Amino acid sequence: MRVEEVDLLNSKKPRHIAIIMDGNGRWAVARRLPRALGHQAGVKAVRKIVEYCAKENIEVLTLFAFSSENWRRPKDEVSLLMKLFLTTLQSEINRLDRNNVRVHFIGDRSAFPEKLQQKIVEGENKTRQNNGLNLVIAANYGGHWDIQQAMKSVAESVLSGEMQVSDISEEVIRSRLSIPSLPDPDLFIRTGGEKRISNFLLWQLAYTEFYFTDELWPDFSQTSLKNAIEDFATRQRRFGHTGEQIKKLTH
Ligand code: IPE
Ligand code: IPE
Ligand code: MG
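Note that the structure is predicted; figures quoted are calculated from it, not measured.

A few points about the layout of surface pockets
If you roll a probe as big as a water molecule over the atoms, it shows you where there is empty space left.
Okay, step 1: The volume enclosed by the largest pocket comes to roughly 1,000 Å³.
Okay, step 2: In this structure, the largest pocket is lined by 47 residues; those nearest its centre are Met21, Val46, Phe64, Ala65 and Phe85.
Okay, step 3: Among the secondary structure elements, those contributing two or more residues to the lining of the largest pocket are α2 (24-30), α3 (35-55), β2 (60-67), α4 (75-98), β3 (102-106), α5 (114-126) and β4 (134-141).
Okay, step 4: Here the residues of the lining of the largest pocket are counted per class, giving 26 nonpolar, 10 polar and 11 charged.
Okay, step 5: Counted as a void, the second largest pocket has a volume near 640 Å³.
Okay, step 6: Arg2, Glu4, Glu5, Arg174 and Asp184 are, among the 20 residues lining the second largest pocket, the residues nearest its centre.
Okay, step 7: Listed by contribution, the elements that provide at least two residues to the lining of the second largest pocket are α1 (3-10) and α7 (170-176).
Okay, step 8: Here the lining of the second largest pocket is composed, by residue class, of 8 nonpolar, 2 polar and 10 charged.

Considering the side chain of Asn70
Okay, step 1: As for its placement among the helices and strands, Asn70 is situated in the loop between β2 and α4.
Okay, step 2: Reaching out from Asn70, the side chain makes a polar contact with the backbone nitrogen of Ser67 at a distance of 2.7 Å.

Thoughts on unusual backbone geometry
Okay, step 1: Not every positive phi belongs to a glycine, and Asn199 is a case in point at roughly 65°.
Okay, step 2: By the secondary structure assignment, Asn199 is in the loop between β5 (187-190) and β6 (209-212).
Okay, step 3: The backbone of Phe239 shows a phi angle near 50°, a positive value even though the residue is not glycine.
Okay, step 4: Tracing the backbone shows Phe239 in the loop between α8 (222-233) and α9 (243-250).

Details of the pattern of salt bridges
Okay, step 1: Scanning the model with the defined rule gives 18 salt bridges in all.
Okay, step 2: Residue Arg237 pairs with Glu209 through a salt bridge whose shortest N-O separation is 3.9 Å. You can see Arg237 sitting in the loop between α8 and α9 and its partner Glu209 sitting in strand β6, a full 28 residues away along the chain.
Okay, step 3: Since its relative accessible area comes to 8%, Arg237 is described here as buried.
Okay, step 4: Beyond isolated ion pairs, a larger network of salt bridges with shared partners links Asp22, Arg26, Arg190, Glu194 and Arg196.

Quick notes on the rules
- Residues numbered from 1 in each chain as written.
- Chains lettered and ligands numbered in written order.
- Predicted model: local features only at pLDDT ≥ 70, side-chain atom pairs only at ≥ 80, totals over all residues.
- Heavy atoms only, no water.
- 1 Å grid on protein atoms, 1.4 Å probe; cavity = no way out; pocket = protein on both sides within 12 Å on 5 of 7 lines; lining within 4 Å.
- Points joined across faces, edges and corners; volume = space filled by probe spheres on them.
- Helix = DSSP H or I, 4+ residues; strand = E, 2+ residues; numbered from the N terminus.
- Nonpolar A, V, L, I, M, F, W, Y, C, P; charged D, E, K, R; others polar.
- Polar contact = N/O pair within 3.5 Å; in protein donor to acceptor, adjacent residues only side chain to side chain.
- Salt bridge = Lys/Arg side-chain N within 4 Å of Asp/Glu carboxyl O.
- Buried < 20%, exposed > 50% of the residue type's maximum accessible area, 1.4 Å probe, protein only.

Treat this as a map of the structure, not an account of what it does.
Laid out in structure tokens, this is it:
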């Protein structure tokens, strides 16, 4: 068993939490409010969850903010979401920086309005030196896109003679995917009751523990996250071994 895997077995606290923040629309509809207000309420929940992870010394928090399929939504909702990203980035980046949070964005940012792309780069640059929580925002992200861009990058390396086809190992593929320098998620959470991945991190979730809750994202509180982390602590991760083997390794 790899050294990192033994470390993972002994850890009751997730190093990396990845969340599909789902249910903003339904939260609004249940209150007879426009969906836009659901997304605004969702931003408030993000603030609380980031604060909690920073306080609890979680290393990485990845949030699925906009999928590569979300462009299929009505035009008004898409443009509202773009505006909300921009205003949230503008209003939050200083606070994140003060709290020693390092911000990363994953996904195809080239499809975003120019101004938003600029703010993304500024946010990443401003927080680059921080060594507290790594906050990864997945925006226009898709697991298929991630694998596609990794394959293109590997193919370029082979074409340029930098490597041979026989050099393409799992490590090489991993190194070309998004966030290669951060550990894979230990705990995956999806709010809003759906039980699917919706093209989120595909490669990186290979051995992640899954947690689903019916709670809608705007209602997801620090206590809800604490409950998910406590549930994670009860799981036995096996990485292909038997339960008995794991007991020996962890006692
Ligand atoms: C998640 O909430 C936020 C985004 C996808 C941007 P939804 O907007 O998907 O909420 P529901 O699923 O319609 O309730
Ligand atoms: C996944 O939620 C994407 C985000 C939370 C950003 P969706 O609500 O878009 O997922 P589906 O379409 O119901 O699978
Ligand atoms: Mg949804």
